[in-house]
Amino acid sequence: MKLSITALALALSLSSIHAFTPPTVSSLSSSSSTSNNRYETRISMNIPAPTASGGATPEEIQAAANNEPPPSSFFELQRASVRAAQAAINDGKTLLEVEFPPLPAQVLDMDDVSAYDVAKANVNLALDFARSFVSTDEIEGDVAVMLPDESECNIMLEDLKLEPKPYPGVILTSLRKGEEGDTRMFKPENLFIGLMGRGSGGTVKPIEGVGMYVIVVASAQELPDVEELYEQIKTPTDGGKEPVIVFYNLKLDVLRGDLGAPAFPGKDFQDRFLSRVKPVYYLRTRQYSRSVSQPPFIINFQGCIFRSYPGHFQTLLDTGTGRYRKVVGNDLRPALGEFKEQLTDALREEGAIAKKEEEGALFGFLRTGYKTTTWWEEEREDASLEWRT
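Residues numbered from 1 in each chain as written. Predicted model: local features only at pLDDT ≥ 70, side-chain atom pairs only at ≥ 80, totals over all residues. Heavy atoms only, no water.

Draft legend 1. Inspection of helix H6 (residues 115–131) at higher detail. Helix length check: H6 (17 residues) gives 25 Å between terminal C-alpha atoms against 24 Å at 1.5 Å per residue, within 8%. Buried within H6 are the following residues: Asp117, Ala119, Lys120, Ala121, Asn122, Val123, Leu125, Ala126, Leu127, Phe129 and Ala130. (Helix = DSSP H or I, 4+ residues; strand = E, 2+ residues; numbered from the N terminus. Expected span 1.5 Å × (residues − 1). Buried < 20%, exposed > 50% of the residue type's maximum accessible area, 1.4 Å probe, protein only.)

Draft legend 2. Summary view of the packing of helix H4 (residues 74–90) against H6. Interaxial distance between H4 and H6 falls to 10 Å at its minimum, and their mutual angle equals 50°. Looking at the two axes, H4 sits oblique to H6. Viewed along their axes, H4 and H6 form a crossing whose handedness is right-handed. Contacts between H4 and H6 involve Phe74, Gln78, Ser81, Val82 and Ala85 from the former and Leu125, Asp128 and Phe129 from the latter. Within the contact of H4 with H6, the residues separate by chemical class into 5 nonpolar, 2 polar and 1 charged. (Axes fitted to C-alpha atoms, helices over the stretch in contact; angles between N-to-C directions. Parallel < 35°, antiparallel > 145°, perpendicular 65-115°, else oblique. Left-handed = near helix turned anticlockwise from the far one by under 90°. Contact = heavy atoms within 4.5 Å. Nonpolar A, V, L, I, M, F, W, Y, C, P; charged D, E, K, R; others polar.)

Draft legend 3. View of the side chain of serine 81. Topologically, serine 81 is positioned in helix H4. Excluding anything up to four places from it in sequence, serine 81 contacts Val98, Phe129 and Tyr281.

Draft legend 4. Fine view of the packing of aromatic side chains. All chains considered together, the criterion is met by 10 aromatic pairs. Taking 5.1 Å as the distance between ring centres and 50° as the angle between the ring planes, the aromatic pair formed by phenylalanine 129 and phenylalanine 133 counts as tilted. You'll find phenylalanine 129 and phenylalanine 133 in the same group, each marked buried. Between the aromatic rings of phenylalanine 269 and phenylalanine 273, the centroid separation amounts to 5.7 Å while the plane-to-plane angle is 45°, which identifies the pairing as tilted. (Phe/Tyr/Trp six-rings, centres within 6.5 Å; stacked < 30°, edge-to-face > 60°.)

Printed below as a string of structure tokens:
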């Protein structure tokens, strides 16, 4: 299904400040949007971020990243995500995560926008991302944007009317490849291998001359293919730079929740591999509701976790005016339960909801429950902390 004309028009006409936020929630008290203005994010005025090449010190770069606001347009987002990835690569990171909404929130909520529409948007964004790393100091060689298998890649090439090399130095290809001369559009053996979530059966091979792999549209069952690729490229035989793998808009937080289920990779996959993936550019929005004892009785609020490397993870509260207010900065990525509590504490400070002592310990416990983290958000003995730092 193609994006409707209405959806496309809305995507182009949206005010840039609302591009990455759900529809504005009006239930917050006005004090939430007017106080502490010094922490509100504002539209950038095209002031370039400090860089090492521009003479900025590491402390200046870190401070700027810690206070960087969410992007106000997709152009700004692409530029910021590339800058964050470049900084991480220069620091020796080779497993990177880039995560953000690929379409404006209002478009994503439309009934006629399918998962395939989102996949096409992600492929187009990934191709633009890849072009930014061609012929740069960070990457040696070409950049490959990779879908899970040849069938998906062929369909995407045909639907987007692209060549396998859509831009100089950029390749659109697949993780799994069939034998040379096998021209079948659909390969049932790939389906059965994928359903087991146990690797590709030897069909994943690195591409000669490629210095960066950008993985798109992969499911939890297909993530072991990425690990298989990593094991083959992590030690270059020619003495050159280690190729970089970028997990591009895969929603790893969601995919981690599938680990351990029947026909999916086991939970040890998080400890062994996924925990080593560094979130370099991360923007995830969340919406919540909370009952109160006074009118309006239900308060809807929303916020986002935002990180642009080398900055810390910012907990941002939507003020209801199209802007975010920074609540706190976290050196470790907060678990979703912790993130919600940080937003709730900010509302308590504003007087929008009752303070903890007024609410009562029992009532507070009934709201949050005994467990506020998922299994993969907890400290695990064999897991790396890269995914949280």
